[in-house]
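The residues making up each chain are set out below.
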Amino acid sequence: MSAQGHDTLLHVSGVSKRFGGLQALNDVHLRIQRGTVYGLIGPNGAGKTTFFNVITGLYNPDSGKFELAGRPYRPTAVHEVARTGIARTFQNIRLFAEMTALENVMVGRHIRSQSGLLGAIFRTRGFGVEEAAIARRAQELLDYVGIGPLADYKARTLSYGDQRRLEIARALATEPLLLALDEPAAGMNATEKVELRALIERIRADGITVLLIEHDVKLVMGLCDRVTVLDYGRRIAEGTPAEVQKNPQVIEAYLGHGGAKTAAEATAS
């Protein structure tokens, strides 16, 4: 799973973020190569969710430089970042509960549509052709993530694991360069985690780079090409899973936060 031979897709540097008296992030940097799965981990309160939210436009940073595919971007809003080429899911599932699975994915696809508001209002021929194409692509993506037969089911009726898959399908509908997954394995059972890993590996194999924030350290270490570890808002380690597992600062960070079980996983050979 070596990242050698890949060029940089996402490069962020000097990222800081303060909430009142709390310095949530302090001069954090990150470089993700194309075609890889990159993990972001750390004990509770380490700043990883804040960093993830800054990268994807949910929070405005106090400082930092951001480049995607060699071009600067400003993380000022999630939808603007999505147009740039970064799509994300959320730790707490955010689907349109009363829409069907197909309609949820179509919403994601509309960020790349061409007809615009007037076409939708007047139902122009071009709008109709494009809507049909969007629906076809949405169905393809549902098939891709393994829930194609559920296209006409309302999102709220889907199982938890299938709702997670639907979120990923909707994110993929934006044609992202980088797919950012926020705790995708949260609440999943062992079987669902195995299926999730297979899906993420397929996404990587199809050329989409993945940024993964995840509490399941075992999943991260078995899936990711490289990993960054945060603690108290600072980056304390970066490297391959094997390198990170052996890092004394990483071991201390988890043990120091009462996470002995997680630390044992992180340092297992």
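The structure reproduced in this document is the subject of the present report. Values in this document were obtained by computation on a predicted structure and should not be read as measured data.

## Structural notes on the pairing of strand E4 (residues 63-68)
For strand E1 (residues 8-19) and E4, the ladder comprises five bridges, and the chain directions are antiparallel. Looking across to E4, one finds that leucine 10 is bridged to leucine 68. Between E4 and strand E5 (residues 71-72), which pair antiparallel and follow one another directly, the connecting turn spans two residues, one of which, alanine 69, has a positive phi of 55 degrees.

## Digging into the packing of helix H6 (residues 160-172) against helix H7 (residues 190-205)
Their axes nearest at 11 Å, the elements H6 and H7 cross at an angle of 10 degrees. The pairing of H6 with H7 is recorded here as roughly parallel in orientation. In this structure, H6 crosses over H7, and the sense of that crossing is right-handed. For the pair H6 and H7, contact is made by Gly161, Arg165, Ile168 and Leu172 and by Glu192, Glu195, Leu196, Leu199 and Ile203, respectively.

## Here we look at the packing of aromatic side chains
Going through the model one piece at a time under the given rule, you end up with two aromatic pairs. Ring geometry for phenylalanine 19 versus tyrosine 59: centroids 5.4 Å apart, planes at 75 degrees, classification edge-to-face. Taken together, the residues span a long stretch of sequence, with phenylalanine 19 in strand E1 and tyrosine 59 in the loop between helix H1 (48-55) and E4 at a distance of 40 residues. For phenylalanine 19, a relative accessible area of 36% puts it in the partly exposed group. Relative accessible area serves as the criterion here: at 29%, tyrosine 59 is assigned to the partly exposed category. When the ring centre of phenylalanine 90 is taken as origin, the NZ or CZ atom of arginine 88, which lies over that ring, is 4.0 Å away.

## Some words on a nonpolar patch on the surface
Judged by side-chain polarity, Phe96, Met99 and Val107 come together as a nonpolar surface patch covering roughly 220 Å² of accessible area. By secondary structure assignment, the location of valine 107 is in helix H3 (residues 101-109).

## Concerning the environment of alanine 205
As for its position among the elements, alanine 205 is in helix H7. Among the residues examined, alanine 205 registers a relative accessible area of 65% and is labelled exposed. Sequence separation of alanine 205 and threonine 36 is 169 residues, and the distance between their C-alpha atoms is 8.8 Å.

## Observations concerning the packing of H3 against H6
At a minimum axis separation of 7 Å, H3 and H6 run at an interaxial angle of 30 degrees. Crossing handedness for the pair H3 and H6: right-handed. In this structure, H3 uses Ala101, Asn104, Val105 and Gly108 to contact H6, whose residues at the interface are Leu166, Ala169 and Arg170. Of the residues belonging to the contact of H3 with H6, the class tally is four nonpolar, two polar and one charged.

Cut-offs and rules
Residues numbered from 1 in each chain as written. Predicted model: local features only at pLDDT ≥ 70, side-chain atom pairs only at ≥ 80, totals over all residues. Heavy atoms only, no water. Pairing = 2+ DSSP bridges. Helix = DSSP H or I, 4+ residues; strand = E, 2+ residues; numbered from the N terminus. Axes fitted to C-alpha atoms, helices over the stretch in contact; angles between N-to-C directions. Parallel < 35°, antiparallel > 145°, perpendicular 65-115°, else oblique. Left-handed = near helix turned anticlockwise from the far one by under 90°. Contact = heavy atoms within 4.5 Å. Phe/Tyr/Trp six-rings, centres within 6.5 Å; stacked < 30°, edge-to-face > 60°. Buried < 20%, exposed > 50% of the residue type's maximum accessible area, 1.4 Å probe, protein only. Lys NZ or Arg CZ within 6 Å of the ring centre and 35° of its normal. Patch = residues over 30% accessible without salt bridge, like charges linked within 9 Å, V, L, I, M, F, W, Y side chains within 5 Å. Areas by Shrake-Rupley, 256 points an atom, 1.4 Å probe, with all protein chains shown as cover. Salt bridge = Lys/Arg side-chain N within 4 Å of Asp/Glu carboxyl O. Nonpolar A, V, L, I, M, F, W, Y, C, P; charged D, E, K, R; others polar.

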